[in-house]
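One letter stands for each residue in the lines below.
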Amino acid sequence: MDKQPAVVFRNVGQLYFPQTRVECHYSLTSEHGWSSSDWIGIFQMGWSSVKQYHTYTWALVPEGYTEGTSVDHCAVFQASYLPRPSAVEYQFVYVDKVGKVCARSRPFTFCAPKPLEELETLKEEQDEEGGEEEELMLVIPRAQLLQSRLEQSLKKQAGLQRALDEAKKEVETEKETSKRARLEWETEKQAMKEEITELRDNLRQSCEMLKRLEEKHTDVKYSQEIQSSDLRKLVAEKGENQQQVQDLRDEVKVLADREEQANMELQRLKERVKKMSFQIKHDEEKRKSLQVEVEASAAELHSLQEQLEASDHVAEGLRNELRDLSTQRNHTHAELHQVRLQVAQFTLQLSDQDLALREERATWALEREAYKHAAEIAKKKVQDLSCELQRKEEWLQEERTERDNLEAELGREEVLLSDAKRELQELKAALRKVQKLREQELLHKQDLVTCIRQLEVKLGIGEEANPNITEVKCISPGSSSEKGDFAPSARSASSSSCPEESSTSEIPAETLSQSEGDESPVDSQDEKSQLSKPQTGEAKQLILPELVNPVLSELADSPMW
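Residues numbered from 1 in each chain as written. Predicted model: local features only at pLDDT ≥ 70, side-chain atom pairs only at ≥ 80, totals over all residues. Heavy atoms only, no water.

## Regarding the sheet that holds strand β3 (residues 22-28)
Line of reasoning, step 1. If you trace the 3 strands from one edge of the open sheet to the other, you get β1-β3-β6, paired in antiparallel fashion. Only two strands of the sheet have a single partner each, and these edge strands are β1 (7-10) and β6 (71-77). Sheet twist, expressed as the average angle between the axes of neighbouring strands with direction ignored, equals 30°.
Line of reasoning, step 2. Note: β3 against β6, 7 bridges, orientation antiparallel. Across the sheet, Val22 pairs through a bridge with Phe77, a residue of β6. (Pairing = 2+ DSSP bridges. Helix = DSSP H or I, 4+ residues; strand = E, 2+ residues; numbered from the N terminus. Axes fitted to C-alpha atoms, helices over the stretch in contact; angles between N-to-C directions.)

So, in structure tokens, the structure goes:
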């Protein structure tokens, strides 16, 4: 098939009169690249070069012409430049700016009208046209009349063609607009479906995350309850330890009083008991250090209790936030259901809109605006839901951070609790060491007294002092009073062994009871009763009468000493 030309001549006649101007109608297609240098010439048939034109005129275009579009226009050849009437055939030729021939018209001739046969009056023409001047008689050549009528008809045809083209363009534009709007609506609808699917997935993930948070919160609460029970146990142990420390303080006070009395009585035995006094000072320093450790543990236990109270408040806040989150989740479910209903309603309205678009273009435009407005509202709602989900995700992130902080704080509290337990165990070990040192001190004192008695026996002290020594040394720990009546009977030297046997029999019993108390883990009440034993009358008779013995003071004053 031949290629369609880029320029087409229209309404070319077979005859033209050189006495009147000639109009050349042509159409430029979208494939032609128009230039202001394009021209149209009248060529004699059989021409071989574009320079063999008889006359020419510039090929113009209407105002507002856009390159790449189709347009119709008309070129005018003035009568003075037309060829003379003859039988020679001519044709219109369209030449572009580079000299290329773009179109050729069919052949035509120029002839002169006949003088009488070709004349016509305008009366009938005016009657037919409904003119007001009916009596005017104007005689003109028929060719000129036909030419004028042809020009009018061509102008009308051109106007109708332009109106038709404009109507077609408008219809095509409207179709493209409707198609584009429909595509946009389909795209928005698909995007809304995807957004709704994404929102559903996000909501499902949020629900799962909330369930996991609730489970973790339950675990944290259970661990808090366990730690609370451990803290209560530690508080109870702390109370018992404080009571033990108080008992130790009382006992240390009693020991200090006894030590003061012993120092008053044994000033002259200072060189022999120097090591013992140094040991007592060392024990006193240890007691003070232990007291400082106990106070520090009490402060730490108080801080732990405050931290547990703070964690209880935080847990209560978490429970309240979880309740609020569940309420918001229910609200989100309701909004999502409304969005689903709106989407279904929009789908039905879209089908109605398509039917209305086929029926009436104006009504469809109004409905399209309404649907666009509704789509914007729905899109805004979806954006609001997205923002709400974003805020929920941020809140969940904050919850995770706070939960991690709580877990870290719980870990620190567990470390502190383990440290407190270890310190309490160290305190117990230190207390046992103090008790052992006290026992060793008592044994050392007993050894000193025994050595003194052996020295007295070796030195052969008179019988006047022996009864007093016997009376004092033979007091049993189970006697009812400290000032019991003693028999003034004289005894031999063998009777002096009674105090040694009694003292040696008394010391291991007390030492055994205390050492057994240190080796076996007994109750705090048993330890308290063991620690409070030196306050009874038997313990006073065991140590104080020996230290306040007048015989020893007399021996210390004698020259033999």
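## Describing the pairing of β3
Line of reasoning, step 1. Counting buried positions over the 7 residues of β3 gives 7, a clear majority of the element.
Line of reasoning, step 2. By the alternation rule, side chains of β3 split into Val22, Cys24, Tyr26 and Leu28 and Glu23, His25 and Ser27, which are all buried.
Line of reasoning, step 3. Looking at chain direction, β1 and β3 are connected through 4 bridges and run antiparallel. In the sheet register, Val8 faces β3, and the bridge partner there is Ser27. (Buried < 20%, exposed > 50% of the residue type's maximum accessible area, 1.4 Å probe, protein only.)

## Observations concerning the state of the cysteines
Line of reasoning, step 1. The final tally for this structure, using the stated rule, is 0 disulfides.
Line of reasoning, step 2. Between Cys74, a cysteine without a disulfide, and Cys24, which holds the nearest cysteine sulfur, the sulfur-to-sulfur distance is 7.1 Å. (Disulfide = S-S within 2.5 Å.)

## With respect to the confidence of the model for the protein
Low pLDDT marks stretches whose predicted atomic positions should not be read closely.
Line of reasoning, step 1. Here the protein averages 76 in pLDDT, while 75% of its residues score no lower than 70.
Line of reasoning, step 2. Contacts for the low-pLDDT stretch residues 550-556, under 50 throughout, to residues beyond four places or in other chains number 12 contacts. (pLDDT = per-residue confidence, 0-100. Contact = heavy atoms within 4.5 Å.)

## Digging into the environment of Pro85
Line of reasoning, step 1. Relative to the helices and strands, Pro85 resides in the loop between β6 and β7 (89-95).
Line of reasoning, step 2. Owing to a relative accessible area of 39%, Pro85 belongs among the partly exposed residues under this scheme.
Line of reasoning, step 3. As for Pro85 and Tyr16, which are separated by 69 residues in sequence, their C-alpha atoms are 8.9 Å apart.

## Notes on empty space enclosed by the protein
Line of reasoning, step 1. All told, the structure shown has 14 cavities of 30 Å³ or more when counted by the stated rule.
Line of reasoning, step 2. Estimated volume of the largest cavity: approximately 360 Å³.
Line of reasoning, step 3. Around the largest cavity, the lining comprises 22 residues; the ones closest to its centre are Leu248, Val252, Asp283, Arg287 and Val434.
Line of reasoning, step 4. Counting residues per element, the ones that place at least two in the lining of the largest cavity are α2 (142-265), α3 (274-359) and α4 (361-459). (1 Å grid on protein atoms, 1.4 Å probe; cavity = no way out; pocket = protein on both sides within 12 Å on 5 of 7 lines; lining within 4 Å. Points joined across faces, edges and corners; volume = space filled by probe spheres on them.)

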